[in-house]
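Descriptive structure summary
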Amino acid sequence: MAELFELETHAWPEAYGDEARPRVGFFTDTSVCIGCKACEVACKEWNHVPEDGLDFTGDSYDNTGELSANTWRHVAFIEQPTRVDGVQAEADGGFRWLMASDVCKHCTSAACLDVCPTGALFRTEFGTVVIQEDVCNGCGYCVSACPFGVIDRREGDGRAWKCTLCYDRLKDGQEPACAKACPTDSIQFGELDDLRERAQGRLADLRGAGVEEARLYGDDPSDGVGGFGAFFLLLDEPETYGLPPDPVVTTRDLGDMYRTAAVAAGALLVGVAAAFAGGRK
Amino acid sequence: MNRGRGEAAMVPRAEPASYYGRPVIKAPVWSAEVPWYLFAGGLAGASAVLGTAADAAGNHTLARRAWLLASAGVTASPPLLVSDLGRPERFLNMMRVFKVTSPMSVGSWILAASGGATTVATAHELFGWFGRLGPLAKLASTALGPALATYTGVLVADTAVPAWHEARRELPFVFAGSAMASAGAASLALTPRSHAAPARRLALAGAALELGAAEAMTHGLGRLGEVYRTGRAGRLARASRALTAVGAGLIGARGRRSRAIAVAGGAAVLAGSACQRWAVFEAGRASAADPKYTVGPQRERLATSD
Amino acid sequence: SEDKWFHDSVHSYTNASTILREDFRDTEDLDGLFSGYDPETGTYDPGSWQYEGLEIGAAAGQREQGVGLTGEQAHGAHGGELKGAELRHGEPPDVDDTLEDPRCIFQVVKRHYSRYTPEMVERVCGVPRESFLEVAEALCENSGRERTSAFCYAVGWTQHTVGVQNIRAAAIVQLLLGNIGRPGGGILALRGHSSIQGSTDIPTLYNILPGYLPMPSSQRETTLDRYAERNSPRTGFWANTRGYLVSLLKAWWGDAATAENEFCFGHLPRLSGDHSHYQTVAAMNDGEVEGYFVMGENPAVGSANGRMQRLGLAKLDWLVVRDFTETETAAFWHESPEIESGELRTEDIGTEVFLMPAATHTEKDGTFTNTQRLLQWHHKAVEPPADTRSELWFMHQLTLRVKQKLADSSEPRDRAILDLVWDYPTEGPHGDPSADAVLAEIGGFDAQGKSLSDYLPLADDGSTRCGCWIYAGCYADGVNQTARRRPGQEQSWVAPEWAWAWPMNRRILYNRASADPAGRPWSERKRYVWWDEGEGRWTGPDVPDFTPDKRPDYIPPEGARGPDALRGDAPFIMQADGRAWLFAPTGLTDGPLPTHYEPHESLFDNPLYGRRSNPARQRLDRPENPYNREDGRFPYVFTTYRLTEHHTAGQMSRTLPYLSELQPEFFCEVSPELAAERGLEHGDWATIVTSRAAVEARVLVTERIPPLRVEGRIVHQVGLPYHWGGMGYSTGDAANDLLGVAMDSNVQIGEYKAATCDIRPGRRPRGADVRRLVEEYRDG
Ligand SMILES: Nc1nc2c(c(=O)[nH]1)N[C@H]1C(S)=C(S)[C@@H](COP(=O)(O)OP(=O)(O)OC[C@H]3O[C@@H](n4cnc5c(=O)[nH]c(N)nc54)[C@H](O)[C@@H]3O)O[C@H]1N2
Ligand SMILES: Nc1nc2c(c(=O)[nH]1)N[C@H]1C(S)=C(S)[C@@H](COP(=O)(O)OP(=O)(O)OC[C@H]3O[C@@H](n4cnc5c(=O)[nH]c(N)nc54)[C@H](O)[C@@H]3O)O[C@H]1N2
Ligand code: SF4
Ligand code: SF4
Ligand code: SF4
Ligand code: SF4
Ligand code: SF4
Ligand SMILES: [Mo]
């Protein structure tokens, strides 16, 4: 009942006072991802995420498809060939096979968390976004609120599930399972400030080496979700990887929406009143 | 297989716009209960206001019917909402917190309060129960009614679903109009001609607002408006428009004279209102399913901001 | 030629200057054959490949024709040369230091490769010449005094009828560039299974003994003396072969091994012929094999020509499979394509199958030896559950029980088992023999029973015991050296205290080559092992691979023996001439120099020679192993490979839901062009056919598998991951059913990387019809 009139979702670090820990997250550098999917498997092993079905998709080597209640890390495979006369002509192969491991962004302004009516979703002392599975009632609001299609309701279980950023491991001073398993350090775990700095360095290196298409995605605290807790270095446009180019936390516009609704409610009142007023004769 | 086999000729070349045509966001997991709830909540909210107004105007014949409709609406709503939950037995977890950032939380409290108030108010109206509590409940129900009828516009708009979020400026008006139209139409159908004039006028005003706001919404969505013109949502939107217009036409032209026509017109407006909620619901799903509706508007936004 | 080779290194450290015999003929002279070829047997007499005036002995395991390391072990360490060469002051009798004599190796090699140009590469391989040049230039730029490059290879190079020669080609390139024996250099076999290197060093092979000692031949090595004489060169470190073998015999037979009974040399099995994997399977099909142990292998899926494998299993009396699951090999009698087609019927199969549950690596102690020859100890984390037991437990129990059964026997042939010293302490709830004790035995003991610290003291008088001479010292000071885990930051960059490397904890072999002939580092950047004049010793962060106090300017006196017969500037101390071999005068069965040949099944002639395929390749001409005809009915090339998500024959991955969901079905990869040509639908099914089998796979049309332009013609490829079979959680047809058995003649590795096939849309026929389809293709 103490929480009854909580008007704001748990803010980090304010709500935690002394217990607040530095905000942590991921920098996923897709330029070194080899598509081994160790992250996917490590995540499932550690978190007991169920198997998702034996579906052959034909989408390159991606038989997972997307993040979901049963997939908290998803490795995308993108084939980008350039060929001449149907024969591999260019000396460098002229072909790219992009791989990228996607995950919950642990948004600074997390729509899923904002809209959760039960308080099941909360922000941890590490600044991450986690669902309490014993509270979630499966209302599904978070599913439609997430601008990245990350969180989803699990068939047969009814509750929403997503990456916890291995909250249990963080509490034990361990890095998340996916980062631990990643053999190339494509997934780098750490304090967000450090990661942002590292990412800038990496970007500069790549650009220096002539990889013009390298770009950071989600590292900017002024973007529509206030910056991602888990951000990326990509080699193509975000949508190529199935990511939204300009995600915005839906609750950014919530004040306006409430005001609009108030006006509409007023219109309703006026309309009813007018129905009687108009009938006076 | 997530998609039909043999659909593509090879590992499709990565188009700049999507990852194998997969949606960027998740489709809403809500099912049929939700559009029906949108309808029921709207009917209840507007009916409560109508009831109070009728009371005030001394039109008790209309008031009784309006209160009955209001309590029918608030009675139907919770089961609809609960059964749509993944874990219905945890419905009460909604009441753990009150979160303004969550329209669903706000709405749960509105519905809970409105449900209680409306039930007491109706009992008072019909049987004179609850003594001095009755008028208070009516007051509360009247105050909550417009909120109950319009918050649902915020509920769906406060998502990443393009057809909903991008319609956030119009949706509350669409829902308000639709609620007024349904409350007016339903009361009209139930009320003898002699006492039905305010209901008729409410139905007409509501229909006008609903049609106007829906048009503005579709227009305002720009290219995204396509989801209201095509597919299931398109069919539902057209049906809604036709039913509402025809119903309103009947009511406006002949509703004063013929009870039968008033009933028919009322039924059409009511159906139009239901189709409206379904159209919005289906449009949301369609817009979530195709990545171009997510990526397109964002790209346009980026292009204009650069 | 651009003269990019490392002159000083090549001059001093390779056999470039050695003159060859006059009767040697190159493939350039004989249109694709070297001198010595016998068309009757399809084999070479390597006599004419020798140095002028000197006979260099044959290599380990290669003394009998067609007897060599097999399969996976093919990329194992090589034993080097055993037989004596008469060097004069450390030099072969006939050399030309100017490298100009047309019969000197440098000139022979140069002539041999003069037509192997970037243009030829493009013609033969379909690799654009620019791509080839880019790689070649990068390699040259990163080699020399200041820089080194390494070659890392795996089975893309080995699984060919020219597999061994492919690695030899890398050796020649690395020697020309001076990349051997130096930090950052070398040729590294990326070993497949976790201890494949270990199971070559202490072999699971029929033809070598621990430490690459040859298995004695039934014909020629009837006595210990004969064996020692035939296998001990007078020069180099193999000169002490007798000491290594006697120490091994003492480790095995202990007090029963005495000088009087040749240290039980007679107890050793003898080689009578080729008993490699595929030959054994052929013998099974002939009904000549009674019983078969399969421990940690799944040949019904993992070996070429799966049908031949399974038909062979059906002719055994008994089969023991030790594994974690019921593998396709264990299940052949009720779940296999032959059962499905009706070719085999369960009720007709007489093989008694024993499936024994095995403990996993986390459930037992032991070592893994990796490609760097690093022995790393792993500790048991949990006890094996239920009836699962470790290999050690199984072998221990088996031996004890066989010993018990034979206890009353007076047959001489049973002495080999009865005399075995079998006194391992046991531990744990299951009575596992102590892996630690086994390692200590392998590491060896001196006359006082103290653990050896290296192999140098190994004696041929029976005073020392050692289970594997190259591993001597892995238990030095009575301490398990392989279990060392000192972090890299706490020691030198070579990290000698992380685990233990054979031999003598040496991390880079032949590291004397990291210094110039005078003993100075080639460059400061690449200094590693060098001559310290003040101390009069070789020094550096690693253990020098050289006689520690042999001066760089040492010249052997007349008649010197063993290591003393090699010069101070001859780093390749396991070779009888102390030099690295650009040209291999002996040791290979299919030629002294790598030469281009097409695969056994190919769509192309050889543009370089009249010989299409390797003339010495091993065929298996049997009814179960037909080869594809070349009349156009198999117009495509297919290759097999791995996926990250699965492991080899699949029982360690296809049984696991988390891995199965990532690659749920057997599929084939084809180009859009081939798909269009054959009407294959992306995501649908295709049937791939050879003379051996027809299998079905889901179609993945992808531009990653481009058609190649070879000899001006477009050739289409079909790519097949080889992990699927009928048992497990994710199941499917097996790619290996398609392959025939065609082998390299040195190590009998199969040609899994290239063969011909046809591909057609749709699923394969069911039941007996599938054989009919295959026969139609084969004979129709
Ligand atoms: N995930 C996973 N890892 C494994 C294994 C596994 O099954 N799964 N198996 C382990 C084992 S046992 C082994 S031996 C290793 C093998 O490791 P790899 O050798 O990497 O195995 P492959 O995928 O069979 O073949 C590698 C490549 O050889 C190339 N190739 C084919 N023909 C030629 C050729 O003529 N020349 C050249 N240069 N390349 C060619 C193909 O392009 C193919 O991609 O992997 C080990 N690691
Ligand atoms: N077409 C084609 N064929 C190939 C290849 C190819 O590239 N193409 N590659 C070849 C290569 S390089 C290899 S290595 C082979 C592999 O082929 P195989 O060796 O026949 O196949 P694996 O699946 O590796 O079999 C190893 C088995 O050992 C079991 N196992 C694991 N650990 C233990 C243990 O501790 N004890 C016991 N008793 N069992 C254990 C596993 O469950 C597994 O069933 O395939 C070869 N065949
Ligand atoms: S990515 Fe989606 S699920 Fe993750 S924190 Fe952001 S809004 Fe929530
Ligand atoms: S589904 Fe669960 S986590 Fe998501 S919003 Fe509803 S209660 Fe919160
Ligand atoms: S942080 Fe943990 S829960 Fe999140 S994807 Fe990685 S392993 Fe899974
Ligand atoms: S583990 Fe690392 S390298 Fe492997 S797929 Fe995941 S992100 Fe990529
Ligand atoms: S971690 Fe290294 S050795 Fe282990 S499976 Fe992966 S690639 Fe192989
Ligand atoms: Mo292997």
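Sequence order sets the numbering: in each chain, residues are counted from 1 along the sequence as written. Chains carry letters from A onward and ligands carry numbers from 1 onward, assigned in written order. Per-residue local features are limited, in this predicted model, to residues with pLDDT of at least 70; the limit for side-chain atom pairs, both in listing and counting, is 80 or more; totals at the level of whole chains, interfaces and linings are taken over all residues. Just so you know, side-chain values use all the structure's heavy atoms and leave hydrogens and water out.

A word on the overall build of chain C
Rules: Runs of H or I in DSSP of at least four residues are treated as helices and runs of E of at least two as strands, each being numbered from the N terminus. A simple rule labels every residue: compare its accessible area, found with a 1.4 Å probe on the protein chains alone, to the largest value its type can have, and call it buried under 20%, exposed over 50%, or partly exposed in between. Contact criterion: two residues are considered in contact whenever any of their non-hydrogen atoms come within 4.5 Å of each other. Charge counting treats Lys and Arg as positive and Asp and Glu as negative, with His and both chain ends excluded. Where a charge lies is defined by one atom per residue type, namely NZ (Lys), CZ (Arg), CG (Asp) and CD (Glu).
Each helix and strand counted, chain C has 19 helices and 26 strands in total. Reported as C-alpha extents along the three principal axes, the dimensions of chain C are approximately 75 × 70 × 55 Å. Counting the 780 residues in chain C, one finds 59% classified as buried. Taking the intrachain contacts of chain C between residues at least 6 apart in sequence as the baseline, contacts between residues at least 24 apart amount to 70%. Of the charged side chains in chain C, 79 are positive and 116 negative; the average position of the first set lies 1 Å away from that of the second.

Describing the overall build of chain B
Selection criterion: The reference for a compact globule is 2.2 Å times residues^0.38; the radius of gyration itself is calculated from the C-alpha atoms.
If you tally the helices and strands in chain B, you get 10 helices and zero strands. On C-alpha atoms alone, chain B measures out to a radius of gyration of 21 Å, which is about the 19 Å that the 2.2 N^0.38 rule sets for 306 residues. Structurally, chain B occupies a C-alpha span of about 70 × 50 × 40 Å along its principal axes. Of all 306 residues assigned to chain B, the portion counted as buried reaches 57%. Pairs at least 24 apart in sequence give 73% of the contacts found in chain B among residues at least 6 apart.

Section: the interface of chain A and chain B
Where we set the bar: Here the buried area means the combined drop in accessible surface, using a 1.4 Å probe, for two parts upon being joined, counting both sides. Salt bridge, as applied in this entry: a Lys or Arg side-chain nitrogen positioned within 4 Å of an Asp or Glu carboxyl oxygen. Here the nonpolar group is Ala, Val, Leu, Ile, Met, Phe, Trp, Tyr, Cys and Pro; Asp, Glu, Lys and Arg are the charged ones; every other residue, Gly included, is treated as polar.
Tallying the contact residues gives 88 residues for chain A and 76 residues for chain B. A buried area of about 6,800 Å², summed over both sides, lies between chain A and chain B, and 58% of it is on carbon and sulfur atoms. Summed over the shared surface of chain A and chain B, the result is seven salt bridges. Contributing elements (two or more residues each) for the side of chain A that touches chain B: β2 (73-81), α2 (111-115), α3 (141-145), β6 (152-153) and α7 (254-277) of chain A. The leading source of residues in the side of chain A that touches chain B is α7 of chain A, at 15 residues. Residue composition of the side of chain A that touches chain B, grouped by class: 45 nonpolar, 24 polar and 19 charged.

Re the packing of aromatic side chains
The geometry of two aromatic rings is summed up by the distance between their centres and the angle between their planes. Quick note on the threshold: Here a pair means two rings of Phe, Tyr or Trp (six-membered ring of Trp) with centres within 6.5 Å. Their orientation is stacked below 30 degrees between planes, edge-to-face above 60, and tilted elsewhere.
Counted according to the given criterion, the structure contains 50 aromatic pairs over all chains. The interplanar angle of 70° and the centroid separation of 6.4 Å between the aromatic rings of Phe98 of chain B and Trp109 of chain B together place this pair among those described as edge-to-face. One end of the pair, Phe98 of chain B, is in the loop between α2 (60-84) and α3 (103-127); the other, Trp109 of chain B, is in helix α3, and 11 residues separate them in sequence. Exposure remark for Phe98 of chain B: the relative accessible area of 17% places this residue in the buried category. Aromatic pair Tyr455 of chain C and Trp469 of chain C: ring centres 5.0 Å apart, planes at 85°, arrangement edge-to-face. Linking Tyr455 of chain C in the loop between α16 (435-443) and β14 (500-501) with Trp469 of chain C in the loop between α16 and β14, this pair joins segments that are 14 residues apart in sequence. For Tyr455 of chain C, a relative accessible area of 4% translates into the label buried.

Remarks on helix α1 (residues 33-56) of chain B
Residues and elements named next belong to chain B. This is how the line gets drawn: Take the residue count of a helix, subtract one, and multiply by 1.5 Å to get its expected span.
An ideal rise of 1.5 Å per residue puts 34 Å on 24 residues; α1 measures up with 34 Å between its terminal C-alpha atoms. Of all 24 residues making up α1, 20 are buried, and the element is well covered by its neighbours. Directly after α1, the chain includes Gly58, whose backbone phi takes a positive value near 80°.

So, the packing of α3 of chain B against helix α4 (residues 133-157) of chain B
Geometrically, a packed helix pair is captured by the angle between its two axes and the distance between the axes. Residues and elements named next belong to chain B. How we decide: Axis definition: a line fitted to C-alpha atoms, over the contacting stretch in the case of helices. Angles run 0 to 180 degrees between N-to-C directions. By the definition used in this description, the sense in which the near helix is turned from the far one sets the handedness, with an anticlockwise turn below a right angle giving left-handed and a clockwise turn giving right-handed.
One can describe the packing of α3 onto α4 by two numbers: an axis separation of 7 Å at closest approach and a directional angle of 145°. α4 is crossed by α3, and the crossing has left-handed handedness. Across the contact of α3 with α4, the residue classes break down as 17 nonpolar, six polar and two charged.

Quick look at the nonpolar core
Condition: Throughout, nonpolar core names a set of buried Ala, Val, Leu, Ile, Met, Phe, Trp, Tyr and Cys residues whose side chains join them through atoms within 4.5 Å.
Membership of the largest hydrophobic core comes to 189 residues, with the highest contact counts inside it found for Val718 and Ile759 of chain C. Per-element tally for this core: the top contributor is helix α9 (residues 259-289) of chain B, with seven residues. Apart from the residues lying within four places of it in its own chain, the contact partners of Ile759 of chain C are Tyr636, Cys668, Val670, Leu674, Arg678, Leu680, Ala686, Thr687, Ile688 and Val718 of chain C. Of all hydrophobic cores here, the second largest spans 100 residues; its members include Cys104, Phe263, Leu458 and Val494 of chain C.

Digging into the sheet that holds β14 of chain C
Residues and elements named next belong to chain C. We apply this condition: Whether two strands pair comes down to DSSP finding at least two bridges between them.
Across the sheet, which stays open at both edges, the three strands sit in the order β10-β11-β14 with antiparallel pairing between neighbours. The strands lining the two open edges of the sheet, one partner per strand, are β10 (366-369) and β14. In this structure, β10 lies alongside strand β11 (residues 374-378), joined through four bridges in antiparallel fashion. Residue Phe368 lies in a different strand from β11, and its bridge partner there is Gln376.

Describing helix α6 (residues 192-208) of chain A
All names here are of chain A. As a reminder, the rule being used: It is the directions from the helix axis to the C-beta atoms whose arc is reported.
Its 17 residues give α6 an end-to-end C-alpha distance of 24 Å, which sits within 8% of 24 Å, the value for a rise of 1.5 Å per residue. Burial in α6 covers these residues: Leu192, Leu195, Arg196, Ala199, Leu203 and Leu206. End-on view of α6: buried residues confined to an arc of 100°, all on one side of the axis. Exposed and oriented more than 90 degrees from the buried face of α6 are Asp193, Glu197, Asp205 and Gly208. Each element contacted by the buried residues of α6 is listed here: β1 (24-29), β8 (187-191), β9 (215-217) and β10 (230-234). Trailing α6 by a residue or two, Gly210 shows a phi angle of about 90°, which is positive.

Some points on a nonpolar patch on the surface
All names here are of chain B. Rules: Candidates for patches are residues over 30% relative accessible area with no salt bridge; among them, like charges are joined within 9 Å and nonpolar side chains (Val, Leu, Ile, Met, Phe, Trp, Tyr) within 5 Å. Here the accessible surface of atoms and residues is derived via Shrake-Rupley with a 1.4 Å probe, and residues count as covered only by protein chains that are part of the display.
A grouping of Phe127, Trp129, Phe130, Leu133, Leu136 and Leu139 is seen on the molecular surface, where their side chains present a nonpolar patch of about 700 Å² in accessible area. When residues of the nonpolar patch are assigned to their parent elements, the largest contribution, three residues, is made by α4. Along the chain, the position of Leu136 falls in helix α4.

Focus: the interface of chain A and chain C
For clarity, the threshold we go by: Pairs of N or O atoms within 3.5 Å make up the polar contacts considered here, provided that, within protein, one atom can donate a hydrogen while the other can accept it, and that residues adjacent in sequence are counted only when both atoms are side-chain atoms.
Chain A puts 30 residues into the contact, and the matching count from chain C is 34 residues. Note on chain A versus chain C: buried area summed over both sides is about 2,600 Å², and carbon and sulfur give 58% of it. At the surface where chain A touches chain C, the tally comes to three salt bridges. Notably, a salt bridge pairs Glu661 of chain C with Lys44 of chain A, separated by 2.9 Å at the nearest N-O pair. For the pair chain A and chain C, the number of links is 13 residue pairs in polar contact (both at pLDDT 80 or more). The element best represented in the side of chain A that touches chain C is helix α1 (residues 38-47) of chain A, accounting for four residues. The residue makeup of the side of chain A that touches chain C, split by class, is 13 nonpolar, eight polar and nine charged.

A look at the confidence of the model for chain B
Note the threshold: pLDDT is a per-residue confidence score from the predictor, ranging from 0 to 100.
Counting all residues, the mean pLDDT for chain B is 93, and 94% of those residues have values of 70 or more. Confidence over residues 1-7 of chain B falls short of pLDDT 50; this stretch has 15 contacts with residues more than four positions distant or in other chains.

Let's talk about the sheet that holds strand β9 (residues 352-357) of chain C
All names here are of chain C. With respect to topology, three strands assemble into an open sheet ordered β7-β8-β9, the strand pairing being parallel. Two strands close off the open sheet at either side, each with one partner strand: β7 (291-295) and β9. Pairwise comparison of adjacent strand axes, ignoring direction, gives a mean angle of 10° for this sheet. Across six bridges, the pairing between strand β8 (residues 318-323) and β9 is parallel.

Looking at the environment of Gly218 of chain A
All names here are of chain A. Looking at where Gly218 falls in the secondary structure, it is placed in the loop between β9 and β10. Its relative accessible area of 9% is what places Gly218 among the buried residues. As for Gly218 and Phe231, which are separated by 13 residues in sequence, their C-alpha atoms are 4.8 Å apart.

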